[in-house]
Amino acid sequence: MSNKNVPSLWERYLTKEIGIEFKACLYFFAILFFYCVYQIIGGVYVASILHMAEMILTCYGICYLQVYVFVNFDEAEALKVKECTGIVVCTLLYCLISYFGNWFDKHMIPTLLFACYLLLTYFCVFLIYKYKRRIDDKTLNAELKLFQTEHKK
């Protein structure tokens, strides 16, 4: 017997995949922004298509790692040891790939600034998800109260 109110395995998988798609695009935009600022500061007004391809592929790979290995740390209720470990590991992976992919010309200062930028990005995304959950909870509670008062009549 199937319960129509419980998401199927396919729906749960699809929900995770949509979340990964969203995260990959979000992090790609953030990384591309940093890369473009770096390029402009260096007097270069073009971006390497190869670097952008590496960035988006890296974002997808790391987002899969983030969701399936580190249990979606940016959507956690609190930043505990496991979440912080995920943030550090993913940041290190991004930095290693950026270094060996030559995104910042193998200069250590921009790579370290990139690491700091990523840590700040992860923290901001964590806060965004946290506050979105609070707003969603308030909305759902208000809708539930409205539903209950309408059905008491």
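Here, the structure is the one placed above.
Residues numbered from 1 in each chain as written. Predicted model: local features only at pLDDT ≥ 70, side-chain atom pairs only at ≥ 80, totals over all residues. Heavy atoms only, no water.

A. Summary view of the pattern of salt bridges. Applying the stated criterion across every chain, the model contains 4 salt bridges. Residues K132 and D136 are paired through a salt bridge, measuring 2.7 Å at the closest nitrogen-oxygen approach. Of this pair, K132 and D136 both sit in helix α4 (residues 108–152), 4 residues apart, which is roughly one turn of the helix. A relative accessible area of 45% places K132 in the partly exposed class. Counted as one network, the salt bridges with shared partners bring together K23, D74 and E75. (Salt bridge = Lys/Arg side-chain N within 4 Å of Asp/Glu carboxyl O. Helix = DSSP H or I, 4+ residues; strand = E, 2+ residues; numbered from the N terminus. Buried < 20%, exposed > 50% of the residue type's maximum accessible area, 1.4 Å probe, protein only.)

B. Broad picture of α4. Relative to the 66 Å expected for 45 residues at 1.5 Å per residue, α4 spans 66 Å between its end C-alpha atoms, a close match to the ideal helical length. Every buried residue belonging to α4 is among P110, T111, F114, A115, Y117, L118, T121, Y122, V125, F126 and Y129, and all of these are buried. In this fold, the buried residues of α4 make contact with α1 (9–41), α2 (49–68) and α3 (81–100). (Expected span 1.5 Å × (residues − 1). Contact = heavy atoms within 4.5 Å.)

C. Inspection of the layout of surface pockets at higher detail. Estimates place the volume of the largest pocket at around 190 Å³. Residue lining of the largest pocket: F22, L26, A30, Y117, L120, T121, C124, V125, I128, Y129 and K132, and that is the complete set. Of all the secondary structure elements, the ones that give two or more residues to the lining of the largest pocket are α1 and α4. Top contributing element to the lining of the largest pocket by residue count: α4, with 8 residues. Counted by class, the lining of the largest pocket contains 9 nonpolar, 1 polar and 1 charged residues. (1 Å grid on protein atoms, 1.4 Å probe; cavity = no way out; pocket = protein on both sides within 12 Å on 5 of 7 lines; lining within 4 Å. Points joined across faces, edges and corners; volume = space filled by probe spheres on them. Nonpolar A, V, L, I, M, F, W, Y, C, P; charged D, E, K, R; others polar.)

D. Representation of the side chain of H51 within the structure. With respect to the helices and strands, the residue H51 is situated in helix α2. Side-chain polar atoms of H51 contact the backbone oxygen of G101, separated by 3.2 Å. (Polar contact = N/O pair within 3.5 Å; in protein donor to acceptor, adjacent residues only side chain to side chain.)

E. Structural view of the nonpolar core. I31, Y94, F114 and Y122 are the most contacted members of the largest nonpolar core, which totals 30 residues. At the level of secondary structure, the elements contributing two or more residues to this core comprise α1, α2, α3 and α4. For this core, the leading source of residues is α1, giving 10 residues. Residues within four places of Y94 in sequence aside, it is in contact with Y27, I31, T58, C59, I62, W103, F114, L118 and Y122. (Core = buried A, V, L, I, M, F, W, Y, C linked by side-chain atoms within 4.5 Å.)

F. Representation of unusual backbone geometry. With a phi close to 45°, V71 is a non-glycine residue in the positive phi region. By the element assignment, V71 lies in the loop between α2 and α3. Residue class for V71 comes out exposed when judged on its relative accessible area of 54%.

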